[in-house]
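As a plain string of letters, each chain reads:
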Amino acid sequence: MSNLLWKSLVVSPAVLGAALLVSGTAVAAANATTEVSTLETQAATEVSQQPEVLVPVASETKVLAQVQNYSNEGQNLQSQVTSVSQFSDVQPTDWAFQALQSLVERYGCIAGYPNGTYRGNRALTRYEFAAGLNACLDRVNELIATATADLVTKQDLATLQRLQEEFSAELATLRGRVDTLEARTAELEANQFSTTTKLQGEAIFAVTDSLGATPPGQTVLQNRVRLNLQSSFTGRDMLNTRLTAGNAQGFGTTAETNQTFEVGSTGNNNVEIDKLTYEAPMGPAQVYIAATGGQHSHYAAVNNPYFFDKTDGGNGALSTFSSENPIYRIGGGSGIAVNVPFGQGGGILKPSSLTLGYLASGNTTSGAENPANGAGLFDGNYAALGQLNFNVGNRLALAATYVHGYHGAGSTFFDAGRDGGAVVGTTLANNLSSPSGSSSNSYGVSAAFKPSQRLSISGFLSYHDITGFAANDDFEAWSYGVGVALPDFGKRGNVLGIFGGVQPYTFNNAGGPNTGDMPYQVEGFYKYRVSDNISVTPGVIWLPAVGQNSNSQDAFIGTLRTTFTF
C-alpha cells in the first residue's frame, strides 16, 4: 500500500499535466478565484479578517441577486422632481433638455437618483425604458381620472398608445419575471434554514504515508469534517459556532510535521464544538470574543497568502509550519481581541492598524472555564498578543508581533491552547520542563509581497525567550521560513506552493538531548481545483533532521488531500 501511495504521488503531476493541456485556454485567466484570498484581503492592515462566508448554489444566487435588484429599484430613485433644474447634471444646452422639462412640468413622471442626478448619458435596457414608460402611462391615467385631461393632447395620447403597443411584449415579460421572482422568493423564505444563520461545511479525505520515520508508519486514510454555523444579527457582526469531528493523527516521532487537517481532529470521529466566537464592530474598531477554541490567527493578520487558509483549513499548505508563523500557535482558548485602525494612509503607506488580544487556556487538564486555583481566565495558562500592521502600497504587507505568555507545569509551548500537545515545532522547543511553570516573551515579523497576480512571496521570523520559575530551566527558541506561491498555475483556482524553513528549535534547553542540528523542513504542494467546491492537493514534506538530529534518517511525508467545501 505504501508503494501505491508514493507511485500515485509520482504519477499525480503527469495526470494533472494532462488535465492542464485539456484546460489550457484557462491559463491566461488573470483574476484569482474567490476561493483563494488575495494579498489585499489578507494584508496586515486589515482591521479584521473576513469571516468565512457560505457560497450559495449558483442558481439561487442569481435569483436572490435579481430579487435584490428589483427591491432596490425604488430605493435608488428619489421622490418625484417638480423642476428639471433639480437635476445637477442636466443643463439647458443639453439636446434633450426641453423633452425632460416637458415630461417633468406637464406630466410629472420623471424621477432622479438620491444624489440629485439624472444620468442621462447612461445606457438603459428596453426593460428599464418599459418600466419608465409604464410610470408615465400611470401618471397620464391619473391626470385623466382627476379631470385634468386638458393637459393631454390627442397627439400625446396617440404617441403614448403607439409606445405602449410597441413595448407591450417587454412590459408583459417584465411582469412575468417579477411574478416568477416573487414566487421563488416566497419558496426560498418558506424553506430557508434560518433568517440569520448560514451553514458552511468542509470535509477532508487524506491518504498519507511516511518514509524514514521512526518508528515507520503505515499508509492511512484519515478525515476531518467541520460544520460552521455563521449567524449575523445586524449585518455587520458574526457569531461562529463550529462543530468538528475527525480521526487524523501524526506519524511517530515526526510529530513536528503535523498537518493542518490533524489540528482539531477528535481522533475518534466524535463531534465537539471546537470554536465559538463572536465578532462585531465597536466604533472604528473590530472586537473579537472567543468563548472556546479561540486562536490568534482568527483575528490577527497572518501575512501568508495561499499557504494560510482560515486557520488550518483544507485549501492551503499541508503542514502547520508552512501555514502560519509559529508565534500564533502560542496559547489559545477563551478571551477577547480588538483591532484598531490608525493613520490616514496618504502616499505609499496605506492605513495601518493595531491588534491586541488575550486568550486563556486554563491548565493542562481543563480550560478557562475551570474556577479552581491555577486555572480560570486569569490564573491559568494565557497568551497576550500585540501586533502592528502596515500596508505599503497595494502589494506589500508587513507586521511586527509580540506575545507574552504564562505556561503552567506540564504545558507545551506551541500548543495553540489545546490539550493534545504541540501542533508545530520540535520536542525540545516545546519542552517546558520547569516544575514551577514558565513565562515567555516572543517576537516575530512577517511580510507578504505580491509583485503580480501570478506570484506571491511571503515569510516570517520568530524568536522566543522562555524563563522557567526554577533553576536551570531557561531556554531560547527560533524559527523562520519563506514561501513562494504561484496562484492560477495551469488553471484558474490552482495553486503551486513551495515553502522552506526551520521548525521552531532550541540549542540550550536542558530538558533533553541536543545535537545542535537545524530541523529544516521543505514542503511542496499543488492544489488542483476540480470544481468550485472540490480540490485535490498532492504534496510532499521533507525533513532532513528529525528531532534536531542530522544523524537520523531523512523523513518524507507524502499526502494526497481531497477537500470538499459546501
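Up top you'll find the structure we're talking about.
In what follows, the accompanying structure is described. Values in this document were obtained by computation on a predicted structure and should not be read as measured data.

1. Quick notes on the overall build of the chain
Each helix and strand counted, the chain has 9 helices and 16 strands in total. Across the 566 residues that make up the chain, the buried fraction comes to 47%. Considering only intrachain contacts with a sequence separation of at least 6, the fraction spanning at least 24 residues in the chain is 66%. Working note: accessible area of the chain is about 26,500 Å², and carbon and sulfur atoms make up 60% of it.

2. Concerning the side chain of S456
Of note, S456 is situated in strand β11 (residues 455-468). Classification of S456 as buried rests on a relative accessible area of 1%. Residues in contact with S456, not counting those within four places in the same chain, are P305, Y306, F449, K450, G483, V484, A485 and P487.

3. Considerations on the environment of R454
Examined against the element boundaries, R454 turns out to sit in the loop between β10 (438-452) and β11. Once the C-alpha coordinates of R454 and P487 are considered, the two residues, 33 residues apart in sequence, prove to be 5.4 Å apart.

4. Re a nonpolar patch on the surface
A grouping of L211, I498, V522, V540, W542 and F556 is seen on the molecular surface, where their side chains present a nonpolar patch of about 460 Å² in accessible area. With respect to the helices and strands, the residue F556 is situated in strand β16 (residues 555-565). Using a relative accessible area of 31% as the deciding quantity, one classes F556 as partly exposed.

5. As for the pattern of salt bridges
Following the criterion strictly, the structure yields 5 salt bridges and no others. When the shortest N-O distance is used, the salt bridge between E202 and R224 registers 3.2 Å. One end of the pair, E202, is in strand β1 (residues 197-211); the other, R224, is in strand β2 (residues 220-231), with 22 residues separating them in the sequence. Like R224, E202 is buried.

6. Digging into the environment of D379
Checked against the element boundaries, D379 lands in the loop between β7 (352-362) and β8 (381-392). In this structure D379 comes out as partly exposed when scored by relative accessible area, which is 45%. Sequence separation of D379 and S361 is 18 residues, and the distance between their C-alpha atoms is 9.9 Å. Filtering out sequence-adjacent residues up to four positions away, D379 remains in contact with N373 and G374.

7. Quick word on the pairing of strand β12 (residues 475-487)
Here β12 shows a buried face lined by F475, A477, S479, G481, G483, A485 and P487 and an unburied face lined by E476, W478, Y480, V482, V484 and L486. Hairpin connection, β11 to β12: the antiparallel pair is bridged by 6 residues, and N472 has positive phi, about 60°. With 9 bridges joining them, β12 and strand β13 (residues 495-505) adopt antiparallel strand pairing. What sits directly across from V484, in β13, is I498.

8. A closer look at the environment of P435
With respect to the helices and strands, P435 occurs in the loop between α9 (427-430) and β10. In the structure, P435 is positioned 27 residues away from G408 in sequence and 8.2 Å away in space, judged by C-alpha atoms. Residues within four places of P435 in sequence aside, it is in contact with A409, A470 and D473.

9. A closer look at the nonpolar core
Membership of the largest hydrophobic core comes to 40 residues, with the highest contact counts inside it found for Y299 and I330. For I330, the residues in contact, after removing those within four places along its chain, are H296, A383, V403, H407, F413, F414, S442 and H464. Counting residues in hydrophobic clusters, the runner-up holds 11 residues, among them Y107, L133, V140 and F167.

10. Some details on the pairing of strand β9 (residues 396-407)
Residues A397, A399, T401, V403, G405 and H407 of β9 are buried on one face, while the alternating residues L396, L398, A400, Y402, H404 and Y406, pointing to the opposite face, are not. With 11 bridges joining them, β8 and β9 adopt antiparallel strand pairing. Paired with L385 across the strands is V403, a residue of β9. Hairpin connection between β8 and β9: a loop of 3 residues separates the two successive antiparallel strands, and G393 in this loop has a positive phi of roughly 65°. Note: β9 against β10, 12 bridges, orientation antiparallel. By the bridge assignment for β10, A400 is matched with V445.

11. Re unusual backbone geometry
If you check the backbone angles, N269 has positive phi at about 65° while not being a glycine. Secondary-structure assignment places N269 in the loop between β3 (238-246) and β4 (272-282). Backbone geometry places Y306, a non-glycine residue, at a positive phi of 75°. By secondary structure assignment, the location of Y306 is in the loop between α7 (296-299) and α8 (320-323). Under the relative-accessibility criterion, Y306 is labelled buried at 4%.

12. Structural notes on helix α4 (residues 126-145)
A rise of 1.5 Å per residue sets the reference length of α4, with its 20 residues, at 28 Å; its end C-alpha atoms lie 28 Å apart and thus fit the reference within 8%. Taken residue by residue, α4 has A130, L133, C136, L137, V140 and L143 as its buried positions. Projection of α4 onto a plane perpendicular to its axis shows the buried side chains occupying an angular sector of 135°, all on one side. Where the residues of α4 are buried, they touch α3 (97-107), α5 (154-166) and α6 (168-191).

13. What about the packing of α4 against α5?
Interaxial distance between α4 and α5 falls to 11 Å at its minimum, and their mutual angle equals 140°. The angle between α4 and α5 falls in the class oblique. Remark: the crossing between α4 and α5 carries left-handed chirality. Note on element contacts: α5 touches α4 through L157, L160, L163, Q164 and E166, opposite R126, L133, L137, V140 and I144.

The rules behind these values
Residues numbered from 1 in each chain as written. Predicted model: local features only at pLDDT ≥ 70, side-chain atom pairs only at ≥ 80, totals over all residues. Heavy atoms only, no water. Helix = DSSP H or I, 4+ residues; strand = E, 2+ residues; numbered from the N terminus. Buried < 20%, exposed > 50% of the residue type's maximum accessible area, 1.4 Å probe, protein only. Contact = heavy atoms within 4.5 Å. Areas by Shrake-Rupley, 256 points an atom, 1.4 Å probe, with all protein chains shown as cover. Patch = residues over 30% accessible without salt bridge, like charges linked within 9 Å, V, L, I, M, F, W, Y side chains within 5 Å. Salt bridge = Lys/Arg side-chain N within 4 Å of Asp/Glu carboxyl O. Pairing = 2+ DSSP bridges. Core = buried A, V, L, I, M, F, W, Y, C linked by side-chain atoms within 4.5 Å. Expected span 1.5 Å × (residues − 1). Arc of directions from axis to C-beta. Axes fitted to C-alpha atoms, helices over the stretch in contact; angles between N-to-C directions. Parallel < 35°, antiparallel > 145°, perpendicular 65-115°, else oblique. Left-handed = near helix turned anticlockwise from the far one by under 90°.

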